[in-house]
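Reading the structure
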Amino acid sequence: MWPRPQHPPSPRPRPRHSVAFGGTHERRSPKMVGGASPPPVTISRVLDAWNEMIENENHSLRDRVGDLEKKVHEQNDEIMCLRSTLADVLRRLTSVEASNRLGVSGGRATPTKDGGAVRLRHHHNSGDGVGARDPSKRVTSYVPGRPVSSTAHIRAREAQYNVEEGVVKLYLRGRPLNLYVPTPLREDYNPAGTSAPPPAKLKLEWVYGYRGRDCRNNVYQLPTGEIVYFVAAVVVLYNVEDQMQRHYLGHTDDIKCLAVHPNKLIIATGQTAGHDRRDARSWRLNPPTDPLSPEAEEWPHIRIWDSVSLNTLHVLGISDIERSVACLAFSKADGGGLLVAVDEAPDHNMSVWDWSRGDRGYKLLETKCSADQVLAVEFSPVDRNTIITCGKNHISFWSYESGMLAKRTGIFENRERPKYVTSISFTDSGNVISGDSNGNLLIWQRGGNTVYKMVRGAHEGPVFSILVQKDGAIITGGKDSNIVEWDRDLERTGNVIQVPEQFGAPRVVTSGRGSQLVVGTTRNCVLEGTFTFDIRPVMQGHTEELWGLTPHPSHHQFLTAGYDRTCYLWDTMAHTIVWSKDIGEPAQSAAFSSNGDIVIIGTTSGRWLVMDAETREVYSQHQDGNEPIQVLKFSPNAQYLAVGSRDNNIYVYQVSEDGRKYSRVGRCQGHSSFVTHLDWSTDSQFLQSNSGDYELLFWNAGLCRQIVQTSQMRDVEWATSSCTLTFNTLGIWPEGADGTDVNACTRANNTPVLATGDDFGKVKVFSNPACHQKARCLEYGGHSSHVTAIGFLHDDSRLISTGGRDTAVMQWVVNTTPASSSSSQH
């Protein structure tokens, strides 16, 4: 408690002489020297002096209280920095220990941690809300690399094996596919037999990309120096200075929003419904009985977790949130005891949670927020029970009292009403600043719902982000690609950053270290910079669906190409882009030549480009049909190129002049649907290919003729294993698979490992060959849409996977393990 003010001592009473005069008393004072009398002392003058003395004392007391409050805030900041520094030091030590234990070959692996892979050996203060709970009662996060039960791979209709002919008949959606067993395995082969566990495990090392195209307020700088943001189903904690990433992997599908607790250590993230739970209305009536079951993870929900240990603390909203979590915010005036969430249901329901009560939190109330889209929600930093929401056609001011929410809609009076209120923030005095789709800034006085001040034309187009800094300065970012600084009275200071067009417009602007700003953009980039120094990218990514992937044949590099018309060459050691190129139209596929000097890019229009892999010079362009080029592959002897098209044909070209000249040999016709995958034989004489209707066909590449007697191909050795429907990949198909669930397959170059990417966002690792239906595997999450392509680097040290609509590129370290240790995981 603050000390009470000490009142001044009462003045000592003096003897007074008075006489009655006119019904009043007159004070009589002794005469002064020379016969003069002192001025009379009246009661009013005494009271004035008394009040002045008290006012001076109160003013002094307020100054002392203000100084004490300032010191308390400074000490809180110092304590937070000390805690964050300690957490950062422990994280670094643990990362170094982990990297020493890892012993990964193939270069300088960057130490990382996944959710639950490392437990820090320290204790938090019980009062900070982190670590005060019993660790044995923590909610279990998704653990990457969990073994998949072999029973999950039993089909409704088992494959049939004809021993005499040595053929396995595999059924996909009731349609049979004949797969010929190699001669050495014919006698002892049993399709229902068990296969060896995979001899390798994966660990997520790096994630390329960021989701800024359609999400807001999702980039923050933590006191440890890490930038936290999300892409796909992964929350990335990225230390730019140290070039280190950590990953929270508790989510199972698209993360849509993120909020940081006032203590800067606890983070809340919200996701959409899982792949099997898209029709939310039909299954909301039958919630899972166990909120911590794998089935419950497919529901839209909120996860609250510790950014130091990456442990999940609470899971909120399972069976309460209908479609997806649109936006989140912690309370500020009470130290973060409450959490508000808005979902993307038709009524855009808003719920307020006592998030720390139990593993599932406690929902205090829920109410309809708006019939229109809600873009942001925030608690007032000075009024504990005030919440602001904004979005299409509205800004609303909510008061939370006695378990009820009272709503007041913002009144624009005679000012132009915007179609969208796109962003909100608070001044240090509690006033609300809003930005809208007309490019205007408005100030709403604390406690009111009418406009106090308006700045017209702050930006040309919508105001995406408003940042109020500690010194009161205001920074805004808009669709016009400008980042503008204002003083506390919303007068321009003259400082402006123009974000280069290739990075997109600033979707979110937040404070970095010192005077630095951290910016997330609409083209999925994260930037750093100041008003003095140029802004630079620290993370870039694709912005549209991603299908093309090809690892470099001899370097630790890989190339990606997507529907955003852009190709990126990535360096897996520096975790940076070597170069990028806009090819002018959406890209579908890519392939490096055998020596890595040439890269071929296939487009969605049937055009493919021959490009120098170093200078990006386009040597030539070719056209094969008008459908997308699904797959490109050079022959092992580098003399041929096979081009698989969506027009059902495979075009074969002869390669000359060190990969710069291509002459068509012919066209392989015979598929009744589009070509999906193909492989060359090791002697470069034959091709095998799959199609969209589950065919496996073989071809004489030099003659471009189909080999009808497929039994003759049972012992052919294949240079790659990209085809998903072969004898060696029989075991990659799970129960009920329809032939399109597995999008990509690849074989390691020097180890017996097979990896797949599927429609459910999973990367799986099998032993090669996976020729039994009960093939065991390890599966890894992180992608939130179909995994479109995967590939091992030339030395098998890493695996690269690409997501379709999530636009994420993930880099996995491959840890080869003895069979005995692998088998213990199953």
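In case you missed it, the structure is sitting above this.
What counts, and where the lines are drawn
- Residues numbered from 1 in each chain as written.
- Predicted model: local features only at pLDDT ≥ 70, side-chain atom pairs only at ≥ 80, totals over all residues.
- Heavy atoms only, no water.
- Helix = DSSP H or I, 4+ residues; strand = E, 2+ residues; numbered from the N terminus.
- Buried < 20%, exposed > 50% of the residue type's maximum accessible area, 1.4 Å probe, protein only.
- Contact = heavy atoms within 4.5 Å.
- Pairing = 2+ DSSP bridges.
- Axes fitted to C-alpha atoms, helices over the stretch in contact; angles between N-to-C directions.
- Patch = residues over 30% accessible without salt bridge, like charges linked within 9 Å, V, L, I, M, F, W, Y side chains within 5 Å.
- Areas by Shrake-Rupley, 256 points an atom, 1.4 Å probe, with all protein chains shown as cover.
- Salt bridge = Lys/Arg side-chain N within 4 Å of Asp/Glu carboxyl O.
- Lys, Arg positive; Asp, Glu negative; His and termini not counted.
- Charge placed at Lys NZ, Arg CZ, Asp CG, Glu CD.
- Phe/Tyr/Trp six-rings, centres within 6.5 Å; stacked < 30°, edge-to-face > 60°.
- Polar contact = N/O pair within 3.5 Å; in protein donor to acceptor, adjacent residues only side chain to side chain.
- Core = buried A, V, L, I, M, F, W, Y, C linked by side-chain atoms within 4.5 Å.

Here's the deal with the overall build of the protein chain
Counting its regular elements, the protein chain contains four helices and 58 strands. Within the protein chain, the proportion of its 826 residues that are buried is 55%. In the protein chain, the proportion of contacts linking residues at least 24 apart, taken out of those at least 6 apart, comes to 51%.

Describing the sheet that holds strand β44 (residues 629–634)
Pairing is antiparallel in the open sheet, where four strands are placed in the order β44-β45-β46-β47. A single partner strand is all that each edge strand has here, and the edge strands are β44 and β47 (661–668). Each strand of the sheet is rotated relative to its neighbour by a mean of 20°, with strand direction disregarded. In terms of strand pairing, strand β45 (residues 640–645) meets strand β46 (residues 650–656) through five bridges, oriented antiparallel. Residue pairing across strands places Gly644 opposite Ile650, the latter belonging to β46.

A few points about the sheet that holds strand β9 (residues 226–231)
The strands that make up a sheet pair up through hydrogen bonds in the backbone, lying either parallel or antiparallel. Strand order in the open sheet made by the four strands is β8-β9-β10-β11, with antiparallel pairing throughout. At either end of the open sheet lies a strand with only one pairing partner, and these are β8 (220–221) and β11 (244–248). In this structure, β8 lies alongside β9, joined through two bridges in antiparallel fashion. Paired with Gln221 across the strands is Ile227, a residue of β9.

Things to note about the pairing of strand β21 (residues 386–391)
Judged by how many residues are buried, β21 sits mostly within the fold: five of six residues are covered. Of the pairings in the sheet, the one linking strand β20 (residues 374–379) to β21 comprises five bridges and is antiparallel in character. Looking at the pairing, Val377 lines up with Thr389 of β21. Between β20 and β21, which pair antiparallel in sequence order, lie six residues.

Examining a negative patch on the surface
A surface patch of like charges, here negative, comprises Asp597, Glu614, Glu657 and Asp658. Within the secondary structure, Asp658 sits in the loop between β46 and β47. Residue Asp658 is classed as exposed on the basis of its relative accessible area, which comes to 70%.

Some details on the pattern of salt bridges
The full count for this structure, using the stated rule, is 21 salt bridges. Residue Arg565 pairs with Asp582 through a salt bridge whose shortest N-O separation is 3.5 Å. With a gap of 17 residues between them, Arg565 in the loop between β37 (557–562) and β38 (566–571) and Asp582 in strand β39 (residues 576–582) connect regions that are remote in the sequence. By relative accessible area, Arg565 is classed as partly exposed at 37%. When salt bridges that share partners are traced, they join Arg211, Asp214 and Asp254 into one network.

A closer look at the pairing of strand β15 (residues 312–316)
Counting buried positions over the five residues of β15 gives five, a clear majority of the element. Summarising the sheet, strand β14 (residues 302–306) and β15 pair through four bridges and their orientation is antiparallel. Directly across from Ile304, in β15, lies its bridge partner His314.

Digging into the packing of aromatic side chains
All chains considered together, the criterion is met by 18 aromatic pairs. Plain terms: the ring middles of Phe397 and Trp444 are 5.4 Å apart, the flat faces sit at 55° to each other, and that makes the pair tilted. Taken together, the residues span a long stretch of sequence, with Phe397 in strand β22 (residues 394–401) and Trp444 in strand β26 (residues 441–444) at a distance of 47 residues. Per residue, the accessibility class of Phe397 equals that of Trp444, and both read buried. Seen in terms of ring centroids, Phe558 and Trp570 are 6.2 Å apart; in terms of plane orientation they differ by 15°. Their pairing is stacked. Of the two residues, Phe558 is situated in strand β37 and Trp570 in strand β38; the sequence distance between them amounts to 12 residues. The residues Phe558 and Trp570 share a single accessibility class, namely buried.

A closer look at the side chain of Ser593
With respect to the secondary-structure elements, Ser593 resides in the loop between β40 (587–592) and β41 (598–603). In this structure Ser593 comes out as buried when scored by relative accessible area, which is 7%. At 2.8 Å, the side chain of Ser593 and the side chain of Asn595 are in polar contact. Reaching out from Ser593, the side chain makes a polar contact with the backbone nitrogen of Asp597 at a distance of 3.4 Å. If sequence neighbours within four positions are ignored, Ser593 has contacts with Pro553, Ile598 and Phe634.

Digging into the nonpolar core
Of all hydrophobic cores here, the largest spans 47 residues; its most connected members are Leu202, Tyr229, Tyr238, Leu799, Met810 and Trp812. Looking at which element gives the most residues to this core, the answer is strand β7 (residues 200–208), with six residues. Discounting residues that sit within four places of it in the chain, Leu202 has contacts with Val763, Val765, Tyr780, Leu799, Trp812, Val813 and Val814.

Things to note about the side chain of Thr572
With respect to the helices and strands, the residue Thr572 is situated in the loop between β38 and β39. Judged by relative accessible area, Thr572 falls into the buried class, the value being 0%. Of the polar contacts made by the side chain of Thr572, one reaches the backbone oxygen of His556; its length is 2.9 Å. If sequence neighbours within four positions are ignored, Thr572 has contacts with Tyr208, His556, Gln557, Phe558, Leu793, Arg798, Ile800 and Gln811.

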